[in-house]
Amino acid sequence: MFSHKVCVAPMMQYTDMHDRFLLRLISKNIYLYTEMISTGSIIFGNCLDQFNYNHEEHPVAVQLGGSNPSHLAECAKTAEAYGYDEINLNVGCPSERVQKGRFGACLMLEPELVAECISSMSKNVEIPVTVKCRLGIDDREDYEFLSNFVDIVKSSGVSTFIIHARNGLLKGLSPRQNRTIPPLKYDYVYRLKEDNKELNIIINGGIKNLEETKEHLQKVDGVMIGRASYDNPFMLSKVDELFFDKPSSNKQKVEILNEYLDYVTIMSDKGYDLSRMLKHLFGLSKGDTHARAFRKKVHQSILDGDIVKSREQLLELI
Ligand SMILES: Cc1cc2nc3c(=O)[nH]c(=O)nc-3n(C[C@H](O)[C@H](O)[C@H](O)COP(=O)(O)O)c2cc1C
């Protein structure tokens, strides 16, 4: 099993295969997650675009959204055949659309069903199945709620829990507000690890940099970073050496950009949308003197639908 010491969070519309390719140029060891893909869209729809990944991305987990054990088992088998390294079940998304489908965060109220879903997937695949959840739902803010959820779910044999360290509010807050308004309670996650030493506990929510990552790793097995790493992907450049005991690639931003632009050119020839690939570059210049000019140039390249013309200028500005 790969190490979850530092992971990048699943983020819809953000951590697509292109963003994950870019992140992999920066760190060889971070654990990557796809955006959530619903079982419905795998079985009945056309989500090949979301399901696709580059072989360079390993280790990479696919995140599934669903609550029908047999549908999940079918999707898990498909994911394994595709070559994913792990299947993660989304038990943390509070959006109304997802609630209507009876999956995501509302499943925290049905731990027995979550256990059944995990068992059903695990029986059908060799790769690990993991869970990403919240601390609690609505006014269930007590530690016992989380602890009871984990006790029941772990009976399915699942050993890795990724915990977004805040409650999910099912009514009245948008998904975005649900990522900022409910308070972070890291101490619940630390206590969960204390009480379940045998489990692999990954903490998530509001973690901004590698110093904070190091602090959390004193208490838990892994850290998952979402928005901070999207806004500034280069923050991950020292992860391999600091947390995985492996040499960092020591690539400068300009080398990363150069390799990514090669990738974009190849993929755009294959028909992938240029704007979807280029938008992931906005954060690469974070903190640099020419950050604004670089972002403007990226924006211009998106509008022009062309990077041949702007390639040299982009490379000069980074
Ligand atoms: C734009 C966006 C999309 C997200 N999509 C997903 C998703 O598909 N699945 C999921 O489990 N969490 C999703 N999340 C939540 C993140 O995985 C993470 O739990 C949350 O952002 C807190 O971590 P952070 O403070 O490091 O960003 C999303 C977050 C953002 C900002």
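The structure presented is a predicted model; accordingly, all values stated were derived computationally and were not measured.

Parameters and conventions
Residues numbered from 1 in each chain as written. Predicted model: local features only at pLDDT ≥ 70, side-chain atom pairs only at ≥ 80, totals over all residues. Heavy atoms only, no water. Helix = DSSP H or I, 4+ residues; strand = E, 2+ residues; numbered from the N terminus. Expected span 1.5 Å × (residues − 1). Buried < 20%, exposed > 50% of the residue type's maximum accessible area, 1.4 Å probe, protein only. Arc of directions from axis to C-beta. Near = heavy atom within 4 Å. Polar contact = N/O pair within 3.5 Å; in protein donor to acceptor, adjacent residues only side chain to side chain. Areas by Shrake-Rupley, 256 points an atom, 1.4 Å probe, with all protein chains shown as cover. Nonpolar A, V, L, I, M, F, W, Y, C, P; charged D, E, K, R; others polar. Pairing = 2+ DSSP bridges. Right-handed = clockwise from strand over helix to strand, strands pointing away. Domains from an automatic or database assignment. Contact = heavy atoms within 4.5 Å. Buried area = accessible area lost by both parts, 1.4 Å probe. Salt bridge = Lys/Arg side-chain N within 4 Å of Asp/Glu carboxyl O. Disulfide = S-S within 2.5 Å. Phe/Tyr/Trp six-rings, centres within 6.5 Å; stacked < 30°, edge-to-face > 60°. Lys NZ or Arg CZ within 6 Å of the ring centre and 35° of its normal.

### Considering helix α12 (residues 253-269)
Taking 1.5 Å per residue as the helical rise, α12 with its 17 residues ought to reach 24 Å, and the 24 Å between its terminal C-alpha atoms agrees with that figure. Residues of α12 that are buried: Lys 253, Ile 256, Leu 257, Tyr 260, Leu 261, Tyr 263, Val 264 and Met 267. Projected down its long axis, α12 carries its buried residues within an arc of 165°, all on one side. Note on α12: the residue one or two positions beyond its end, Gly 271, has a positive phi of about 105°.

### Quick word on the site of the ligand
What surrounds the ligand is a group of 17 residues, the closest being Gln 63, Asn 204, Gly 206, Gly 226 and Arg 227. One nitrogen or oxygen atom from the side chain of Lys 132 is found 2.9 Å from an oxygen atom belonging to the ligand. Interatomic distance of 2.8 Å between a backbone N/O atom of Gly 226 and an oxygen atom of the ligand. For the ligand, whose free accessible area comes to 600 Å², the fraction covered by protein is 90%. For the shell around the ligand, the class distribution of residues is 7 nonpolar, 7 polar and 3 charged.

### Brief notes about the pairing of strand β8 (residues 222-225)
Every second residue of β8 is oriented toward a common face, with Gly 222 and Met 224 on one face and Val 223 and Ile 225 on the other, all of them buried. Across 3 bridges, strand β1 (residues 6-8) lies against β8 in parallel orientation. The partner of Cys 7 across the bridge, within β8, is Met 224. Across 3 bridges, strand β7 (residues 200-204) lies against β8 in parallel orientation. In the strand pairing of β8, Asn 204 is matched with Met 224. Regarding topology, helix α9 (residues 210-216) serves as the crossover connection from β7 to the parallel β8, and that connection is right-handed.

### Some points on the domain arrangement of the chain
Domain boundaries in the chain define domain 1 (6-243) and domain 2 (253-317). Put simply, the middle of domain 1 and the middle of domain 2, counted by C-alpha atoms, are 29 Å apart. The interface of domain 1 with domain 2 comprises 18 residues on the first partner and 14 residues on the second. Summed over both partners, the interface of domain 1 with domain 2 buries about 1600 Å², with 61% contributed by carbon and sulfur atoms. Linking domain 1 to domain 2 there are 1 salt bridge. Asp 16 is the salt-bridge partner of Arg 276, the closest N and O atoms lying 3.3 Å from each other.

### Notes on unusual backbone geometry
The peptide bond linking His 58 to Pro 59 adopts the cis configuration, its omega dihedral lying at -5°. The residue Pro 59 is located in the loop between α3 (48-51) and β3 (60-65) in this model. Non-glycine residue Gln 13 carries a positive phi angle of around 70°. Residue placement: Gln 13 occurs in the loop between β1 and α1 (17-26). Residue Gln 13 is classed as exposed on the basis of its relative accessible area, which comes to 56%. Here the phi dihedral of Arg 102 falls at roughly 55°; this positive angle occurs in a residue that is not glycine. Topologically, Arg 102 is positioned in the loop between α5 (96-100) and α6 (111-124). Classification of Arg 102 by relative accessible area gives partly exposed; the value is 42%.

### Things to note about the state of the cysteines
All told, the structure shown has 0 disulfides when counted by the stated rule. Here Cys 117 stays free of any disulfide, with the sulfur of Cys 106 as its closest cysteine sulfur at 11 Å. For Cys 117, a relative accessible area of 0% gives the class buried.

### Details of the packing of aromatic side chains
Taken as a whole and assessed by the stated rule, the structure comprises 9 aromatic pairs. Look at Tyr 31 and Tyr 33: their rings are 5.5 Å apart centre to centre, the planes differ by 35°, and that puts the pair in the tilted class. An identical accessibility class is assigned to Tyr 31 and Tyr 33; each is buried. Aromatic pair Phe 51 and Tyr 82: ring centres 4.6 Å apart, planes at 75°, arrangement edge-to-face. Of this pair, Phe 51 sits in helix α3 while Tyr 82 sits in helix α4 (residues 69-82), placing them 31 residues apart in sequence. Residue classification places Tyr 82 among the partly exposed positions, given a relative accessible area of 33%. Every member of this aromatic cluster is reached through a ring pair, and the members are Phe 51, Tyr 53, Tyr 82 and Tyr 84. Sitting over the face of the ring of Tyr 14, Lys 279 holds its NZ or CZ atom 5.5 Å from the ring centroid.

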